[in-house]
Amino acid sequence: MTADTTYTPPEQVVAIVTGAGRGIGAAIAERLGADGLAVACVDIDEATAAETATRLEGQGVRSAAYAADVSDEDAVQAVVDRVAAELGPPTVLVNNAGVLRDNLLFKMSAGDWDTVMQVHLRGTFLMTRATQRHMTEARWGRVVNLSSTSALGNRGQANYAAAKAGLQGFTKTVAHELGKFGVTCNAVAPGFIVTEMTRATAERVGQGFEEFSAARVAGIPVNRAGQPEDVAEAVAYFCSPAAGFVSGQVLYVAGGPRT
Ligand code: NAP
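Residues numbered from 1 in each chain as written. Predicted model: local features only at pLDDT ≥ 70, side-chain atom pairs only at ≥ 80, totals over all residues. Heavy atoms only, no water.

Participant: Is there a simple way to explain helix H1 (residues 23-34) in this structure?
Facilitator: An α-helix turns once per 3.6 residues; consequently, residues spaced three or four apart project the same way. Taking 1.5 Å as the rise per residue, H1 with 12 residues should run 16 Å; its terminal C-alpha atoms sit 17 Å apart, in good agreement. The set of residues buried in H1 consists of Ile24, Gly25, Ala26, Ala27, Ile28, Ala29, Leu32 and Gly33. Those residues of H1 that are buried lie in contact with strand E1 (14-18), strand E2 (38-43), helix H2 (46-58), strand E4 (90-95), strand E5 (141-146) and helix H8 (228-239). Phi turns positive, to about 100 degrees, at Gly36, one or two residues after H1. (Helix = DSSP H or I, 4+ residues; strand = E, 2+ residues; numbered from the N terminus. Expected span 1.5 Å × (residues − 1). Buried < 20%, exposed > 50% of the residue type's maximum accessible area, 1.4 Å probe, protein only. Contact = heavy atoms within 4.5 Å.)

Participant: Could you clarify how one ought to interpret the pattern of salt bridges in this entry?
Facilitator: Side chains that differ in charge, positive against negative, can pair when their charged atoms come close. Under the definition given, this model contains 8 salt bridges. Between Asp102 and Arg204 there is a salt bridge, and its shortest N-O distance comes to 3.6 Å. Here Asp102, found in the loop between E4 and helix H4 (110-138), pairs with Arg204, found in helix H6 (residues 196-204); they are 102 residues apart in sequence, far enough to count as distant. Take Arg204: its relative accessible area is 47%, and that puts it in the partly exposed class. When the shortest N-O distance is used, the salt bridge between Asp230 and Arg224 registers 2.9 Å. Its relative accessible area of 41% is what places Arg224 among the partly exposed residues. Residues joined by salt bridges that share partners form a network here, namely Arg31, Asp35 and Glu233. (Salt bridge = Lys/Arg side-chain N within 4 Å of Asp/Glu carboxyl O.)

Participant: For this particular structure, what's the right way to read the site of the ligand?
Facilitator: Contacts to the ligand come from 29 residues, most closely from Arg22, Asp43, Asn96, Tyr160 and Thr195. Residue Ile44 places a main-chain N or O atom 3.2 Å away from a nitrogen atom belonging to the ligand. Taking Asp69, its side chain carries an N or O atom lying 2.9 Å from a nitrogen atom of the ligand. Those elements that place two or more of their residues in the shell around the ligand are H1, H4, helix H5 (158-178) and H6. (Near = heavy atom within 4 Å. Polar contact = N/O pair within 3.5 Å; in protein donor to acceptor, adjacent residues only side chain to side chain.)

Participant: Any chance you could explain the packing of H4 against H5 here in plain terms?
Facilitator: For the pair H4 and H5, interaxial distance at closest approach is 9 Å and the crossing angle is 15 degrees. As the angle between them shows, H4 and H5 are arranged roughly parallel. The way H4 lies across H5 gives a crossing that is right-handed. On H5, the residues touching Asp112, Trp113, Val116, Met117, His120, Leu121, Thr124, Phe125, Thr128, Gln132 and Thr136 of H4 are Ala158, Asn159, Tyr160, Ala162, Ala163, Lys164, Gly166, Leu167, Phe170, Val174 and Leu178. Across the contact of H4 with H5, the residue classes tally to 13 nonpolar, 7 polar and 2 charged. (Axes fitted to C-alpha atoms, helices over the stretch in contact; angles between N-to-C directions. Parallel < 35°, antiparallel > 145°, perpendicular 65-115°, else oblique. Left-handed = near helix turned anticlockwise from the far one by under 90°. Nonpolar A, V, L, I, M, F, W, Y, C, P; charged D, E, K, R; others polar.)

Participant: Can you walk me through the domain arrangement of the protein in this structure?
Facilitator: It is common to report an interface's size as the accessible area lost on association of the parts. Annotation of the protein at the domain level lists domain 1 (14-191 + 228-251) and domain 2 (194-225). If you average the C-alpha positions of domain 1 and of domain 2, the two centres end up 24 Å apart. If you look at the interface, domain 1 gives 10 residues, while domain 2 gives 7 residues. Both sides together, the interface formed by domain 1 and domain 2 hides about 640 Å², and carbon and sulfur atoms give 58% of it. There are 2 salt bridges connecting domain 1 and domain 2. Counting across the domain 1 and domain 2 interface gives 1 residue pair in polar contact (both at pLDDT 80 or more). (Domains from an automatic or database assignment. Buried area = accessible area lost by both parts, 1.4 Å probe.)

Have a look at this one:
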């Protein structure tokens, strides 16, 4: 692979991964750690963030855990400041923290609409705004946002689909604004991935996970469920120095064109 010769990353790249306590975020944190990045594991749940950070340290990765709600403006600024002071200026940001509040439109409460917008859209905006300064100062940076195949429309997910589609517009805009500073911004849009989030969905619709999973896999061209590591692989590519000419893109990681 050819490296970007216009902009070069700092010797020790520091990454922030939100929602790193479990699932896809934990897999991304491990994958970036394996690539030699120092990783700040941010989660609303300090205990799970600490579990991930401790696991990474056991693998020889510089890592630390931070508790923050990504939708809280003051908490976001404080956590980015702490990461910069303790691990070094963050030049990679993976906006992964997410929640579901699924319901059919006619039953969806305004509160459930707002919660999903707050975490996915406001959270990604706040984290990116707080972190970009370190990237523009370094003249190098990578932002990766977690979208979803639900951005294309999904029954029972008017709030989540709107937020995940909104993130794609945000991604392309950040790519336009920060490109001249050597900062790329891309989105990864997973399909069906086995995590606590999809287990909770199965439970909500009253199905056992095996049955729920089999029904989803039946519509996936590669004939299997996705794993957090599948998503982490795509995120790691966008974060790599070699991906410097790829920006504003949405990569569907779904075992097919759309599932
Ligand atoms: P998950 O297992 O539910 O993990 C999400 C993590 O984010 C949890 O540790 C959660 O903490 C944390 N979190 C939630 N709200 C937060 C907040 N306000 N601030 C900080 N952290 C917060 O979900 P996942 O399946 O790994 O999903 C990760 C991302 O991929 C999400 O953006 C999701 O929308 C996206 N995605 C997932 C799938 C899939 O099939 N799993 C498909 C497409 C896209 P708590 O548990 O303590 O609340």
